[in-house]
There are 2 protein chains.
Amino acid sequence: MRELMIHLNENSPKYKQIYHSIRSLIENKELQPNTKLPSIRQLAEILYVSRNTTLVAYEQLLAEGYIRSEQKRGYFVETFESIDIHTPTLHAEKSISEERKIKVDFRAGSVDQHAFPIKAWRKCVNEVLKEDIVYMYGEQQGDRLLREKIANYLLQSRGIRTSEDSIVIGSSTQQLLMHLSILLKNKYSSIAVENPGYDGARTVFQLCGFQINPIEVRKKGLCMKQLEKIESKLVYITPSHQFPTGVTLPIAERLQLLNWAHSQNGYIIEDDYDSEFRYQQQPIPALLSIQQEARVIYISTFSKAFLPSIRLSYMVLPSELLDQYNQQFATFEQTASSIHQRTMARFMERGHWDSHIRKMRATYKRKMHVLVSSLHLAFGKVIRLIGTQSGLYILIQLQSSVGEEILIQQALEQGVKVYPTSNLYIGYKPEFSILKLGFSNLSIEEIQLGVQLLKKAWT
Amino acid sequence: MRELMIHLNENSPKYKQIYHSIRSLIENKELQPNTKLPSIRQLAEILYVSRNTTLVAYEQLLAEGYIRSEQKRGYFVETFESIDIHTPTLHAEKSISEERKIKVDFRAGSVDQHAFPIKAWRKCVNEVLKEDIVYMYGEQQGDRLLREKIANYLLQSRGIRTSEDSIVIGSSTQQLLMHLSILLKNKYSSIAVENPGYDGARTVFQLCGFQINPIEVRKKGLCMKQLEKIESKLVYITPSHQFPTGVTLPIAERLQLLNWAHSQNGYIIEDDYDSEFRYQQQPIPALLSIQQEARVIYISTFSKAFLPSIRLSYMVLPSELLDQYNQQFATFEQTASSIHQRTMARFMERGHWDSHIRKMRATYKRKMHVLVSSLHLAFGKVIRLIGTQSGLYILIQLQSSVGEEILIQQALEQGVKVYPTSNLYIGYKPEFSILKLGFSNLSIEEIQLGVQLLKKAWT
């Protein structure tokens, strides 16, 4: 442990000076990631200040994600690649008059625009605009080059062995699910879905005429016992980061699920929408990667990890379904932009994709940490946080009988938008309301401001 | 009429010298569009050559679209904005080994890449990449700015009065038809389609569970008598440029059709896929523009008039359906790229769209003319040409009992790809095979080469 060079003067509160000094040492890399910091007592002694002063400074740094606290080991400088500091700005949808007063919008589904590699992307765009593909309809399953890059990426990041021939690109997960529904409807009439679960997928299945069998999500994810009792031979599941509860399906349940699909001659639709963002440990392997000839249709998207605006999703089809797909959809044109597809292929080819994901993982990890610590600090035990290990949103459950709509309205009156989850439940609602908070496009300052305003709204 | 300054020497055939001289006078704008040319007899007298020599020179210029012939009035310089001369190149899909020998590909569905305003487009792209929308999911019905521009355009070009609120943008006509099918399936179980007609639309309706009622297309388009006899209350139709026959539905039949929809409480799905390219007279008004409160769902696309690769289509929904759509598809994300949508909006805002369409109309008109004259010249009365007034392809019918597949194979052996139409017919086939030739991405030289090779293949 090195001594911290901090000079205090009398002009401003001492905890603020300590906070700013340590923060700038971290930002300037004079304090490297994972460096152990002096304890609260030690730092108080070094600087001749009270322990309360150093405690407050550390708490502020913790809340902002500059440092982390490890039980019985003390305080450490947090890992992150870049610091994206900017002043709080109003969130985008500001044209609608009701939204004028919105100071912080915890909407999930946008991405961090300050960390986006716009130059590299623009360079790839301008190159692609010189290619012939711009002037033609694209390949039916999607751009071959991009499918190759996706196959590579799936092997490296998710352990999935596949080839470009089995990949079908589409303009959204819902669009792919719609094609898939039409395909599966020939043989199956009902589908099991997670409860709570992604309403956007459920709606597609319903609109395509499937009977819906909701299966409870418990501590270990989808309840296998319930699944085994019902007649559905299809299941739609988000095993790596259950939407919305964040649960990861353990390996034992994964094997059980794969065997279920085999014995039923059914299929598992594995929606792996944001597996890139797992902050505590390595992602566990995708269902599709566990078993040879698994009866799994794997679906993922570039919307969470990259940009929702380019509308790029993809699925990996088992060979039996692939043949049927190519037959039934023979007259269909590809729905995703060939320009975006080729641009993404070039972007991946040049290694930009990998470094972008690494960078975003660090950035989002820090934001998640700030959100979680700020909420703990503001609400203490009154709040339960769900799904804090991965992804780009968390759920919060206030131990209060106030209804979801009222909580949302109270937050809105303070200028904060938070989102309901009751639409994700079928047939029952949790005892206490659960709200959804996305953080990907918010700055550290906005997250902190948002939590302060929520505290004002709800206490 | 001014005298043509043409100096002939003895070194090369005289008709070639005359041809080249007139051609370069036209290209250099020394002969302005619509200038009347001397008659064949007059020119022969002026230049002291035989009438046969001037005839051959004029025929060549006619075939290449530099001049046009008007009955009883004589020869005139053709109208076109720019001349895009480049040496014949192999068509794009050349990676596949079978395609290596393809010299000319009459594939419909690509656009002229030499006339494309790449700079203006790139400028709009780079501006849009600075906007916030890049980092978010787009509006559900599509980018509001683009919907405003489309509403303007529909009023000016198609006489349609609508507003951005009634427009829904999607990533392809098929994707929109699929959503529409799901919507209409609540109330209707069968749909009438044109026979022959667009198989891509028919497949969507079939996959979504509709019973298909094929209605014959005759000289005046869809046979109204047949339509009135069946039970379907829905009809899918391409009234402005019937796919594939090119027939325009006359105004009397249009009114009849609109009344039919009202009396049936049904809907007309009007697919107006390439109404921009009408070469002889002004486009006749869209069905939707004729009647207040018409029971018409209007669909169009940017794929033909602009770029197929950006995947942008749109539909105008009657208010009753719009409410149902927004209710049923509430959890659906937009499927078209918001980047492309906003770029197109900026492109239209700055007037690039209008001038692009004007330019392309002139370019395609010339190509159509060259294709038609070359085919007439090469095949005479053995060939019947269908749909030569508009659009980006024509149909040809050889007065020969040789089957479609064999004709395609014979052409392929000469390095030319032409396309079948039998897949567009339901339940019957025309007496003589009909083939489809697209020309939008071919140069004048490629078109001429293609026709020469077809002559070699088939005679």
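These numbers come from a predicted model, not from an experiment.

Thresholds, definitions, all that
- Residues numbered from 1 in each chain as written.
- Chains lettered and ligands numbered in written order.
- Predicted model: local features only at pLDDT ≥ 70, side-chain atom pairs only at ≥ 80, totals over all residues.
- Heavy atoms only, no water.
- Salt bridge = Lys/Arg side-chain N within 4 Å of Asp/Glu carboxyl O.
- Helix = DSSP H or I, 4+ residues; strand = E, 2+ residues; numbered from the N terminus.
- Buried < 20%, exposed > 50% of the residue type's maximum accessible area, 1.4 Å probe, protein only.
- pLDDT = per-residue confidence, 0-100.
- Contact = heavy atoms within 4.5 Å.
- Pairing = 2+ DSSP bridges.
- Phe/Tyr/Trp six-rings, centres within 6.5 Å; stacked < 30°, edge-to-face > 60°.
- Lys NZ or Arg CZ within 6 Å of the ring centre and 35° of its normal.
- Arc of directions from axis to C-beta.
- Domains from an automatic or database assignment.
- Buried area = accessible area lost by both parts, 1.4 Å probe.
- Polar contact = N/O pair within 3.5 Å; in protein donor to acceptor, adjacent residues only side chain to side chain.
- Nonpolar A, V, L, I, M, F, W, Y, C, P; charged D, E, K, R; others polar.
- Least-squares fit on C-alpha atoms with pLDDT ≥ 70 in both.
- Axes fitted to C-alpha atoms, helices over the stretch in contact; angles between N-to-C directions.
- Parallel < 35°, antiparallel > 145°, perpendicular 65-115°, else oblique.
- Left-handed = near helix turned anticlockwise from the far one by under 90°.

1. Considerations on the pattern of salt bridges
And step 1. Within this structure, the stated rule accounts for 34 salt bridges over all chains.
And step 2. Close ionic contact of Glu-320 of chain A with Arg-295 of chain A constitutes a salt bridge, the shortest N to O distance being 3.9 Å. Remark: Arg-295 of chain A occurs in the loop between helix H10 (287-290) and strand E10 (296-301) and Glu-320 of chain A occurs in helix H11 (residues 319-328); sequence separation between them is 25 residues.
And step 3. Residue classification places Arg-295 of chain A among the buried residues on the basis of a relative accessible area of 12%.
And step 4. Arg-147 of chain B serves as the salt-bridge partner of Glu-139 of chain B, at 3.3 Å between the closest nitrogen and oxygen.
And step 5. By relative accessible area, Glu-139 of chain B is classed as partly exposed at 37%.

2. Section: the confidence of the model for chain A
And step 1. Looking at chain A, pLDDT values average 89 and 92% of them are 70 or higher.
And step 2. The low-confidence segment residues 82-97 of chain A (pLDDT under 50) makes 36 contacts with residues lying over four places distant or belonging to another chain.

3. What to know about the pairing of strand E12 (residues 383-386) of chain B
All names here are of chain B.
And step 1. Alignment of E12 against strand E13 (residues 393-398), held across four bridges, turns out to be antiparallel. Note that in E13 the partner of Ile-386 across the bridge is Leu-395.
And step 2. Between E12 and E13, which pair antiparallel in sequence order, lie six residues; one of them, Gly-387, sits at a positive phi of approximately 75°.

4. Some words on the packing of aromatic side chains
And step 1. Applying the stated criterion to the full structure yields 42 aromatic pairs over all chains.
And step 2. Through a chain of ring-to-ring contacts, three or more aromatic side chains come together here, namely Phe-116, Trp-121, Tyr-153, Phe-302, Phe-306, Tyr-314, Phe-347 and Trp-353 of chain A together with Tyr-135 of chain B.
And step 3. Cation over ring: Arg-295 of chain A sits above Tyr-267 of chain A, and NZ or CZ is 4.3 Å from the ring centre.

5. Side note on helix H14 (residues 404-413) of chain B
Residues and elements named next belong to chain B.
And step 1. Within H14 the residues assigned to the buried category are Glu-404, Leu-407, Ile-408 and Ala-411. One side of H14 carries all its buried residues, which in axial view fall inside an arc of 100°. Of the exposed residues in H14, the ones pointing more than 90 degrees away from its buried face are Glu-405 and Glu-413.
And step 2. On its buried face, H14 is in contact with E13, strand E14 (416-417), strand E15 (419-420), strand E16 (434-438) and helix H15 (444-458).
And step 3. Gly-415, located one to two residues past H14, shows a positive phi value of around 85°.

6. Describing the sheet that holds strand E4 (residues 167-170) of chain B
Residues and elements named next belong to chain B.
And step 1. Reading across from one edge, E4-E11-E10-E9-E8-E5-E6-E7 is the order of the eight strands in this open sheet, with mixed pairing throughout. At either end of the open sheet lies a strand with only one pairing partner, and these are E4 and strand E7 (221-222).
And step 2. Bridge count for strand E5 (residues 190-195) against strand E8 (residues 234-237) is two bridges, and the pairing is parallel. Bridge pairing links Val-193 to Tyr-236 in E8.

7. Side note on the sheet that holds strand E9 (residues 267-271) of chain A
Where strands meet in a sheet, backbone hydrogen bonds hold them as pairs that are either parallel or antiparallel.
Residues and elements named next belong to chain A.
And step 1. With mixed pairing, eight strands are arranged side by side in an open sheet as E4-E11-E10-E9-E8-E5-E6-E7. The open sheet is flanked by strand E4 (167-170) and strand E7 (221-222), the only strands paired with a single partner.
And step 2. Sheet analysis places strand E8 (residues 234-237) next to E9, joined by four bridges and oriented parallel. Looking at the pairing, Tyr-236 lines up with Ile-269 of E9.

8. Regarding the domain arrangement of chain A
And step 1. Its domain assignment divides chain A into domain 1 (14-77), domain 2 (97-113 + 356-458) and domain 3 (117-350).
And step 2. One C-alpha centre belongs to domain 1 of chain A, the other to domain 3 of chain A, and the line joining them spans 43 Å.

9. As for helix H7 (residues 199-207) of chain A
Each α-helix turn comprises 3.6 residues. Residues three or four places apart therefore point the same way.
And step 1. By the criterion of burial, H7 of chain A is predominantly enclosed, with seven of the nine residues buried.
And step 2. Of all the residues in H7 of chain A, the buried ones are Asp-199, Gly-200, Ala-201, Arg-202, Thr-203, Val-204 and Phe-205 of chain A.
And step 3. At its buried positions, H7 of chain A is contacted by helix H6 (173-184), strand E5 (190-195), strand E6 (211-218), E8 and E9 of chain A together with helix H11 (319-328) of chain B.
And step 4. Gly-209 of chain A sits one or two residues past H7 of chain A and shows a positive phi near 90°.

10. Examining the interface of chain A and chain B
And step 1. On the side of chain B, 53 residues touch chain A, which itself brings 53 residues to the contact.
And step 2. Between chain A and chain B, a total of about 4,600 Å² is buried, with carbon and sulfur atoms accounting for 61% of that surface.
And step 3. The tally of links between chain A and chain B comes to zero salt bridges.
And step 4. Counting the contacts that link chain A with chain B gives 26 residue pairs in polar contact (both at pLDDT 80 or more).
And step 5. Only helix H4 (118-128), H6, H7 and helix H12 (338-349) of chain A provide two or more residues apiece to the side of chain A that touches chain B.
And step 6. Class assignment of the residues belonging to the side of chain A that touches chain B gives a composition of 24 nonpolar, 21 polar and eight charged.

11. Considering the relation of the copies chain A and chain B
And step 1. The two copies are related by a screw operation: chain A maps onto chain B through 179° of rotation and 0.1 Å of translation along the axis, at an RMSD of 0.3 Å. What the superposition gives is, in effect, a two-fold axis relating one chain to the other.

12. Side note on the side chain of Thr-335 of chain B
And step 1. Mapped onto the elements of the fold, Thr-335 of chain B is located in the loop between H11 and helix H12 (338-349).
And step 2. Within the local environment of Thr-335 of chain B, its side chain forms a polar contact with the side chain of Ser-171 of chain B, the two groups lying 3.1 Å apart.
And step 3. A distance of 3.0 Å separates the side chain of Thr-335 of chain B from the side chain of Gln-175 of chain B, its partner in a polar contact.
And step 4. In contact with Thr-335 of chain B, other than residues within four places in its own chain, are Ser-171, Ser-172, Gln-175 and Arg-311 of chain A together with Gly-170, Ser-171 and Gln-175 of chain B.

13. Looking at the packing of H6 of chain A against helix H6 (residues 173-184) of chain B
And step 1. Running from amino to carboxyl end, H6 of chain A crosses H6 of chain B at an angle of 60°, the nearest separation of the two axes being 12 Å. The pairing of H6 of chain A with H6 of chain B is recorded here as oblique in orientation. At the point where H6 of chain A passes H6 of chain B, the crossing takes the left-handed sense. Facing Met-178, His-179 and Ile-182 of chain A of H6 of chain A, the residues of H6 of chain B in contact are Met-178, His-179 and Ile-182 of chain B.
And step 2. Here the contact of H6 of chain A with H6 of chain B is built from residues that sort into four nonpolar, two polar and no charged.

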